[in-house]
Every structure is written in C-alpha cells, then in structure tokens.
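# Survey of secondary and tertiary structure
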Amino acid sequence: MGFFAMIGSMFLGIFCIFLGVHYRKKHRFNLILIPIGIALILYAIYLGFPK
C-alpha cells in the first residue's frame, strides 16, 4: 500500500506543479498548486525512505 501511495503522490505532485507553472498567469488559484505539488513530492520521497 505504501508503494502505491508513494507513486500516486509523486505523479500527483508533478501534475500539480505542471498545472501551476503552466497556468500561473491566468488565475491566482494556480499559484497555490506549486507548493502543494512540492509538498506531495516531498511526501513521496519520505515514503520512499526505508523504515
């Protein structure tokens, strides 16, 4: 289960960063997506560490 959460968090984070950077001029809400994406990628890295 942890592996799938790690992979899902990584892809969701990359997707959020992509949307935030791509649409940052059009809407202010999309600027929030960049830190959310970074947080999701950091969470995926944390899940990847051996316990």
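Before reading further, recall that the structure is shown in the block above.
Residues numbered from 1 in each chain as written. Predicted model: local features only at pLDDT ≥ 70, side-chain atom pairs only at ≥ 80, totals over all residues. Heavy atoms only, no water.

Of the regular secondary structure elements, the chain holds two helices and zero strands. Considering only C-alpha atoms, the chain reaches an extent of 40 × 15 × 10 Å along its principal axes. Buried positions account for 18% of the 51 residues belonging to the chain. By sequence separation, contacts in the chain at least 24 residues apart represent 53% of the contacts at least 6 residues apart. (Helix = DSSP H or I, 4+ residues; strand = E, 2+ residues; numbered from the N terminus. Buried < 20%, exposed > 50% of the residue type's maximum accessible area, 1.4 Å probe, protein only. Contact = heavy atoms within 4.5 Å.)

On to the packing of aromatic side chains. One pair of aromatic rings is described through two measures. These are the centre distance and the angle between the planes. The full count for this structure, using the stated rule, is two aromatic pairs. For the pair Phe-3 and Phe-4, a centre-to-centre distance of 5.7 Å together with 70 degrees between the ring planes defines the contact as edge-to-face. Across the pair, exposure class does not vary: Phe-3 and Phe-4 are exposed alike. (Phe/Tyr/Trp six-rings, centres within 6.5 Å; stacked < 30°, edge-to-face > 60°.)

For Gly-2, the location among the structural elements is in helix α1 (residues 2-22). Sequence spacing of Gly-2 and Ile-38 is 36 residues, and the spatial spacing of their C-alpha atoms is 19 Å.

On to the environment of Tyr-46. Mapped onto the secondary structure, Tyr-46 falls in helix α2 (residues 30-48). Tyr-46 gets classed as partly exposed once you look at its relative accessible area, which sits at 48%. Taking the C-alpha atoms as reference, Tyr-46 lies 31 Å from Lys-25; in sequence the two are 21 residues apart.

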